[in-house]
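Observations on chain architecture
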Amino acid sequence: MMDRASNRPLIVFRTDASLEIGTGHVMRCLTLADGLRERGARALFITREHRGHLVGQIVDRGHEVGVLPPPPDLRLTLDEETTHAAWLGVDWSEDARQTLNLLAGKRANWLVVDHYALDRRWEQTLRPTCEQLMVMDDLADRPHDCDVLLDPSLGRAAADYSNHIFTDADVLTGPDYALLRPEFADLRAESLKRREQPSLKHLLVTMGGVDRTNATASVLDAIDACSLPDNVKITVVLGPHAPWLADIEKRSESMRFRVSVRSAVIDMASLMTASDLAIGAAGSTSWERFCLGVPTLQFVLAENQIECARAFAERGAVIGFDLTQDFKTKFVSSVNELDAARLRSMAQSAAEICDGHGVQRVLEAMLVFGVR
């Protein structure tokens, strides 16, 4: 059904960003929304006003937003049927009620749900508001009621959801469906060409848009202990809501290397293309680094990153670290031992994982189900 006010297909997204959740869910939904807009659709984001929300960024990208109220100050005792229930901030049924109120009778062509705290109960409640329902997931740990399920995890198979989906859903799995903005595919050839004669002149540190635990500071301390040339350039990227942003800016002034700290970055593809080595979390930016063939020293910062991080390391695309262990010695040794052959091998392995055309593949799948 078209949106009657604009005669355009209506796509509703239910997703959140916060200091605890991070920014990745909203960012990948924005990427898909941008692609849908190019196909003539209109996107409406429904998102809760958590600390660290991205309402402003959604609006800046030209999409509509319906804002759910902030969660109560007191942490609720929530049901235990979903591992990440607390991330919602309210009970799932209350979230469903509030979402229905915001929709105010609108009926969407698609409802896209990207939230670890939501499952089949919420989805079934919202079913009457849409013609088709897509779930974005990468945990395979709870039941869903959907028409399409998207999980770009490396090594994921449709069979992993056989006990979680009880409808005739189309399950799209693997990095071929990773949602990247078009500039990453556009710069892929240039970036891969750069990797043919690798060196270590520019390091890019991206420990997540929020970096709630200030992992960036630990990484900068370790870099300062590495035997790198004094003319090495380091770029640190943090989100505008990162609680340690000011501390990192101050810390960078005392390093022996030239450090640039940036937030609200809009040219990440160019930054990655110009970098020789990335140091980052095993989150959603992994696909961006792989598309551009950037060798990566990778950190697991959340439990839900463990499985993918292990798969990335097994493919030879990254060298993995765990901040809960005494990582500094291993980190310094790994950086000091990196040579052109290892950098070239890592770049080739990374580029084989993701080609950057996932949005087009997902849009084609949605077209089959009725986006026109």
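Scroll up a little and you will see the structure.
These remarks concern the structure in this document.

Topic: the overall build of the protein
For the protein, the helix and strand inventory stands at 13 helices and 14 strands. Over its C-alpha atoms the protein spans a radius of gyration of 21 Å, differing by no more than 12% from the 21 Å that the globule rule assigns to 372 residues. In terms of principal-axis extent, the alpha carbons of the protein reach across some 60 × 45 × 40 Å. Looking at the protein as a whole, 55% of its 372 residues qualify as buried. As presented, the protein carries roughly 15,900 Å² of accessible surface, and 48% of it is formed by carbon and sulfur atoms. The protein carries 41 positive and 53 negative side-chain charges, and their two centres are separated by 4 Å.

Focus on helix H6 (residues 215–224)
With 7 of its 10 residues buried, H6 lies for the most part within the structure. Within H6 the residues assigned to the buried category are Ala 215, Thr 216, Ala 217, Val 219, Leu 220, Ala 222 and Ile 223. Residues of H6 that are buried make contact with strand E9 (202–206), strand E10 (233–238), helix H7 (245–252), strand E12 (277–281), strand E13 (296–300) and helix H11 (328–337).

Quick word on the state of the cysteines
Scanning the entire structure with this criterion turns up 0 disulfides. This cysteine, Cys 308, is not joined by any disulfide, and Cys 354 carries the nearest cysteine sulfur, 12 Å off.

As for the pattern of salt bridges
Under the counting rule described, the total for this entry stands at 26 salt bridges. For Glu 94, the salt bridge identified is with Arg 97, shortest N-O distance 2.6 Å. In this pair, Glu 94 and Arg 97 are both assigned in helix H3 (residues 92–103), 3 residues apart and thus about one turn of the helix distant. What you see here is one network of salt bridges that share partners, running through Arg 14, Asp 16, Arg 48 and Asp 95.

Some points on H7
Buried residues of H7: Leu 245, Ile 248 and Ser 252, and no others. Along the axis of H7, the buried positions cluster into a sector of 60 degrees, meaning they face one direction only. Among the exposed residues of H7, those oriented more than 90 degrees off its buried face are Ala 246 and Lys 250. Those residues of H7 hidden inside the fold are in contact with H6, E10 and strand E11 (258–263).

Here we look at the side chain of Asp 137
Mapped onto the fold, Asp 137 is located in the loop between strand E6 (130–136) and strand E7 (148–151). Classification of Asp 137 by relative accessible area gives buried; the value is 0%. Reaching out from Asp 137, the side chain makes a polar contact with the backbone nitrogen of Ala 140 at a distance of 3.3 Å. Excluding residues within four positions of it along the chain, Asp 137 makes contact with Arg 28, Tyr 116, Arg 142, His 144, Leu 150, Asp 151, Pro 152 and Tyr 161.

Some points on the nonpolar core
Across soluble globular proteins, you tend to see nonpolar side chains buried next to one another. Counting 35 residues, the largest nonpolar core has Ile 223, Leu 228, Ile 234, Ile 279 and Phe 331 as its most contacted members. Ignoring any residue separated from it by four or fewer positions in sequence, one finds Ile 223 in contact with Leu 203, Val 205, Leu 228, Ile 234, Met 255, Phe 257, Ile 279 and Phe 331. By size, the runner-up hydrophobic cluster in this structure holds 27 residues, among which are Cys 29, Leu 179, Leu 363 and Ala 365.

Rules used throughout
Residues numbered from 1 in each chain as written. Predicted model: local features only at pLDDT ≥ 70, side-chain atom pairs only at ≥ 80, totals over all residues. Heavy atoms only, no water. Helix = DSSP H or I, 4+ residues; strand = E, 2+ residues; numbered from the N terminus. Rg over C-alpha atoms; globule rule 2.2 N^0.38 Å. Buried < 20%, exposed > 50% of the residue type's maximum accessible area, 1.4 Å probe, protein only. Areas by Shrake-Rupley, 256 points an atom, 1.4 Å probe, with all protein chains shown as cover. Lys, Arg positive; Asp, Glu negative; His and termini not counted. Charge placed at Lys NZ, Arg CZ, Asp CG, Glu CD. Contact = heavy atoms within 4.5 Å. Disulfide = S-S within 2.5 Å. Salt bridge = Lys/Arg side-chain N within 4 Å of Asp/Glu carboxyl O. Arc of directions from axis to C-beta. Polar contact = N/O pair within 3.5 Å; in protein donor to acceptor, adjacent residues only side chain to side chain. Core = buried A, V, L, I, M, F, W, Y, C linked by side-chain atoms within 4.5 Å.

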